[in-house]
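# Chains, contacts and geometry: an overview
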Amino acid sequence: QVQLVESGGGLVQAGGSLRLSCAASGGTFGDYAMAWFRQAPGKDREFIARRNWSGTRTYYADSVKGRFTISRDNAGNTVYLQMNSLKPEDTAVYYCAAGPSVSQKFVYWGQGTQVTVSS
């Protein structure tokens, strides 16, 4: 059973940056593809970014491409989401997820961390 714990959320002004972290435990980190999703109030959960262990397969939602970067520290069992040029519409709860591959359903989820971008 994989446990995921996100951190790094907070309040930031538009145009600012935040880096989210997701610490994984309870499994072999290298076996999993990792991803970030977000959910704004009243909206469905939205895919943001995902990548495999080596980084050879990395994908982003169009809404964040060029502004957000997903990376992972396999030795430290941590995945990151660097968010630059933040916009008020990026305000949401951000979730980390793990799954068997980037093309399959993500089955393990963290509890989420709130990101609020003020205008």
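Refer to the preceding data block for the structure.
Residues numbered from 1 in each chain as written. Predicted model: local features only at pLDDT ≥ 70, side-chain atom pairs only at ≥ 80, totals over all residues. Heavy atoms only, no water.

A few words now on the overall build of the protein chain. Of the regular secondary structure elements, the protein chain holds zero helices and 11 strands. The helix and strand sequence of the protein chain, counted from the amino end, reads β-β-β-β-β-β-β-β-β-β-β. Here the C-alpha radius of gyration of the protein chain, 13 Å, is about what a compact globule of 119 residues would show, namely 14 Å. Dimensions of the protein chain, computed from the C-alpha atoms along their principal axes, are close to 40 × 25 × 25 Å. The 119 residues of the protein chain split such that 44% are buried. Taking the intrachain contacts of the protein chain between residues at least 6 apart in sequence as the baseline, contacts between residues at least 24 apart amount to 56%. For the protein chain, the accessible surface area stands at approximately 6000 Å², while carbon and sulfur atoms represent 47% of it. For the protein chain, the distance from the average site of its 12 positive side-chain charges to the average site of its 8 negative ones is 3 Å. (Helix = DSSP H or I, 4+ residues; strand = E, 2+ residues; numbered from the N terminus. Rg over C-alpha atoms; globule rule 2.2 N^0.38 Å. Buried < 20%, exposed > 50% of the residue type's maximum accessible area, 1.4 Å probe, protein only. Contact = heavy atoms within 4.5 Å. Areas by Shrake-Rupley, 256 points an atom, 1.4 Å probe, with all protein chains shown as cover. Lys, Arg positive; Asp, Glu negative; His and termini not counted. Charge placed at Lys NZ, Arg CZ, Asp CG, Glu CD.)

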